[in-house]
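As a plain string of letters, each chain reads:
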Amino acid sequence: MSALTVLSRPLVEVIRKRTSQRRYLPEWLAPELKRRLSQHLQALPTPPFAPACRFTLVEATVGEARAARTLGTYGAIHGARQYIVGAVTRGTRDMENYGYLLEEIVLFATDLGLGTCWLGGSFNRSGFARAMGLRDEEWLPAISPVGPVSPTRSYSDRLLRWQVRSEHRKPWNELFFHDTPGNPATETSAGAYATVLEMVRLAPSASNRQPWRILKEYNRPVFHIYLQRNPLYTAAAKTILPSGDIQRLDIGIALYHFEGAAREAGLKGRWQVLDTVPPFPKAEYVVSWNGLTAK
Ligand SMILES: Cc1cc2nc3c(=O)[nH]c(=O)nc-3n(C[C@H](O)[C@H](O)[C@H](O)COP(=O)(O)O)c2cc1C
């Protein structure tokens with residue numbers, strides 16, 4: 001991350017405020033908000049891995065038959081007039097980078113008072129790909145509507161939230177570990193990183209599966225990040241699902257929450273892919289936060 005995103009309030013407050021919104025007021029973004037958001041899309045922080053990402057604001061012309069057909073969300077989203085759409089150059093850790101950056105944008109939009117909702121599955125990929133001029137070497141993993149939201153949630157939104165238990169998050173002892181994978185971390189063992197881990201816990205994830213697992217080294221600010229796949233989203237499924245390896249987006253989101261909260265707390269460190277890390281049962285290693293560095 002080049003620098004912490006400038007927000008009107010602490011990032012941890014914005015993370016707590018964000019929630020998926022699926023019913024929007026059918027209004028265009030006010031010109032000043034549109035300018036700020038568009039400008040922001042051109043000045044994103046540096047993500048942890050190499051593949052490049054680009055993002056743009058796409059407007060859906062409601063009432064125009066072609067746009068309604070091509071820019072569809074299969075009824076998941078109501079009323080939204082604009083979407084944040086992006087592309088990542090295919091490569092190692094492309095989904096993680098995309099997740100990291102789209103979450104940064106989602107939190108920026110939340111701070112502007114706008115609603116968002118990660119969509120990795122329920123949208124017409126080819127319509128949005130055309131709208132943003134997707135190139136051969138690129139992939140469009142997910143989008144988000146962005147705009148002013150209706151004060152009440154739609155029935156379908158409430159139903160979906162109930163189905164995936166959106167209000168709930170796994171407890172610490174299922175997500176964070178200290179020294180060995182069998183030993184749950186506590187606020188005490190997390191030390192200065194307690195708020196950082198809590199911010200990961202509150203992150204959004206596909207179907208709210210929360211696949212991130214974090215192992216902190218004994219008495220050292222070194223954290224290994226693992227992906228524990230849900231059977232619904234196995235590595236095999238990624239080859240047949242149009243959404244791709246969606247849980248790697250969740251990891252990218254968690255990395256942004258981790259790093260943003262750490263930087264805000266003045267905790268120095270950087271992401272490193274290590275050659276040897278402790279094995280974690282039924283999980284894949286992704287990357288480590290080395291809090292011993294001076295960066
Ligand atoms: C990578 C990703 C993909 C998602 N895809 C969809 C989707 O296709 N449709 C949808 O309605 N919600 C989608 N969601 C939203 C999740 O259901 C939501 O984040 C989760 O239930 C937690 O609720 P919250 O965001 O309100 O905290 C997605 C979230 C993530 C992170």
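Since the model is a prediction, treat every value here as computed from it, not as a measurement. The numbers attached to residues start from 1 for each chain and follow its sequence in the written order. At least 70 in pLDDT is required for a residue's local features to be given in this predicted model, at least 80 for side-chain atom pairs to be given and counted, and no such filter applies to totals for whole chains, interfaces and linings, which use all residues. Here the side-chain values reflect all heavy atoms present in the structure, with hydrogen atoms and water set aside.

## Details of the overall build of the chain
Quick reminder of the rule: Strands are runs of DSSP state E lasting at least two residues, helices are runs of H or I lasting at least four, and both sets are numbered from the N terminus onward. For every residue, the accessible area obtained with a 1.4 Å probe (protein chains only) is divided by the maximum for its type, and the residue is called buried under 20%, exposed over 50%, and partly exposed between those limits. Pairs of residues are marked as contacts when any of their non-hydrogen atoms sit within 4.5 Å. Using a 1.4 Å probe, accessible areas were evaluated by the Shrake-Rupley method; residue-level cover was limited to the displayed protein chains. The charge count treats Lys and Arg as positive and Asp and Glu as negative. His and the chain ends do not count. Taken as the charge centre is NZ of Lys, CZ of Arg, CG of Asp or CD of Glu, depending on the residue.
A tally of regular secondary structure across the chain gives eleven helices and ten strands. Its C-alpha atoms put the chain at 60 × 40 × 35 Å along the principal axes. Expressed as a percentage of its 295 residues, the buried residues of the chain come to 55%. Here the contacts in the chain between residues at least 6 apart in sequence split such that 76% fall between residues at least 24 apart. Of the roughly 13,200 Å² that the chain leaves accessible, carbon and sulfur atoms contribute 53%. The averaged location of the 26 negative side-chain charges in the chain is 3 Å from the averaged location of its 37 positive side-chain charges.

## Some thoughts on the environment of Trp271
The line we're drawing: Polar contacts, as counted here, are pairs of nitrogen or oxygen atoms within 3.5 Å of one another; within protein the pair requires one atom able to donate a hydrogen and one able to accept it, and residues that are adjacent in sequence qualify only if both atoms are side-chain atoms.
Locating Trp271 in the fold gives a position in strand β9 (residues 270–272). Sequence separation between Trp271 and Pro48 is 223 residues, and the spatial gap between their C-alpha atoms is 6.4 Å. Apart from the residues within four sequence positions on either side, Trp271 is in contact with Pro48, Tyr100, Ile225, Leu255, Phe258, Glu259, Val287, Ser288 and Trp289. Here Glu259 takes part through its side chain, which lies 2.7 Å from a polar atom of the side chain of Trp271.

## Brief notes about the packing of helix α4 (residues 94–111) against helix α11 (residues 247–264)
Our working definition: Axis lines are fitted through C-alpha atoms, for helices just across the contact stretch, and the angle between N-to-C directions can take any value from 0 to 180 degrees. Angles below 35 degrees are treated as roughly parallel, those above 145 as roughly antiparallel, those between 65 and 115 as roughly perpendicular, and all remaining angles as oblique. Left-handed describes a crossing in which the near helix is turned anticlockwise from the far one by less than a right angle; the clockwise case is right-handed. Only Asp, Glu, Lys and Arg are considered charged in this grouping, and only Ala, Val, Leu, Ile, Met, Phe, Trp, Tyr, Cys and Pro are considered nonpolar; every other residue, Gly among them, is considered polar.
Put simply, α4 and α11 touch, their axes get as near as 6 Å, and they point 55° apart. As the angle between them shows, α4 and α11 are arranged oblique. Our pair here, α4 against α11, has a crossing hand that is right-handed. Two secondary-structure elements touch here, α4 through Asp94, Met95, Glu96, Tyr98, Gly99, Tyr100, Glu103, Glu104 and Leu107 and α11 through Arg248, Leu249, Ile251, Gly252, Ile253, Leu255, Tyr256, His257 and Glu259. Tallied by class, the residues present in the contact of α4 with α11 amount to nine nonpolar, three polar and six charged.

## Notes on the nonpolar core
Rule in force here: For this analysis, a nonpolar core means a set of buried residues of the types Ala, Val, Leu, Ile, Met, Phe, Trp, Tyr and Cys, connected via side-chain atoms within 4.5 Å.
Of all hydrophobic cores here, the largest spans 64 residues; its most connected members are Leu102 and Phe258. The residues contacting Leu102, other than those within four sequence positions of it, are Phe55, Ile84, Trp118, Ala142 and Ile143. Of all hydrophobic cores here, the second largest spans 18 residues; its members include Val58, Ala60, Ala76 and Phe128.

## Let's talk about the side chain of Glu138
Looking at where Glu138 falls in the secondary structure, it is placed in strand β4 (residues 138–139). The contact partners of Glu138, leaving out residues within four places of it in the chain, are Arg54, Ala87, Val88, Thr89, Arg90 and Gly133.

## Description of α4
The following threshold applies: The span one expects for a helix is its residue count, reduced by one, times 1.5 Å.
Its 18 residues give α4 an end-to-end C-alpha distance of 26 Å, which sits within 8% of 26 Å, the value for a rise of 1.5 Å per residue. The first or second residue beyond α4 is Gly113, which carries a positive phi of 90°.

## Remarks on the sheet that holds strand β10 (residues 284–290)
Heads up, the rule is: Here the rule is simple: two strands pair whenever DSSP picks up at least two bridges between them.
Strand order in the open sheet formed by five strands is β6-β7-β8-β10-β9, with mixed pairing between adjacent strands. Looking at which strands have only one partner, the edges of the open sheet turn out to be β6 (176–178) and β9. For this sheet, the mean inter-axis angle between neighbouring strands, taken without regard to orientation, is 25°. Where strand β8 (residues 222–227) lies against β10, six bridges are found, and the strand directions are antiparallel. Counted as the bridge partner of Val222 is Asn290 from β10. Contacts between helix α9 (residues 194–201) and the sheet are confined to β6, β7 (212–216) and β8, with β7 contributing the most and set at about 165° to the helix.

## So, the pattern of salt bridges
Let me state the cut-off plainly: The salt bridge definition used is simple: a Lys or Arg side-chain nitrogen within 4 Å of an Asp or Glu carboxyl oxygen.
With the rule as written, the count across this model stands at 17 salt bridges. With its nearest N and O atoms 3.0 Å apart, the salt bridge here joins Arg9 to Asp111. Of this pair, Arg9 sits in the segment before α1 (11–17) while Asp111 is found in helix α4, placing the two residues 102 residues apart along the sequence. Here Glu59 makes a salt bridge to Lys34, at a shortest N to O gap of 2.8 Å. Of the two residues, Glu59 is situated in strand β1 (residues 53–59) and Lys34 in helix α2 (residues 31–41); the sequence distance between them amounts to 25 residues. A single salt-bridge network, built from bridges that share partners, covers Arg93, Asp94, Glu96, Arg229, Asp245, Arg248 and Glu284.

## Looking at the domain arrangement of the chain
Interfaces are frequently sized by the accessible area removed from exposure as the parts join. What counts, and what does not: These domain limits were set by an automatic method or by a database of domain assignments. Note: buried area is the sum, over both parts, of the accessible area (probe 1.4 Å) each one loses when the two are combined.
Domain annotation of the chain identifies domain 1 (11–160) and domain 2 (172–290). A separation of 24 Å is found between the C-alpha centroids of domain 1 and domain 2. When domain 1 packs against domain 2, close to 2,200 Å² is buried across both sides, 68% of that on carbon and sulfur atoms. The largest share of the area that domain 1 buries against domain 2 comes from Leu11, Met95 and Tyr100, three residues that together contribute 26% of it. The interface formed by domain 1 and domain 2 contains two salt bridges. Between Arg248 and Asp94 there is a salt bridge, and its shortest N-O distance comes to 3.5 Å. Across the contact surface, domain 1 and domain 2 share seven residue pairs in polar contact (both at pLDDT 80 or more). Secondary structure elements with two or more residues in the side of domain 1 that touches domain 2: α1 and α4. Along the lines of polarity and charge, the residues of the side of domain 1 that touches domain 2 split into 13 nonpolar, three polar and eight charged.

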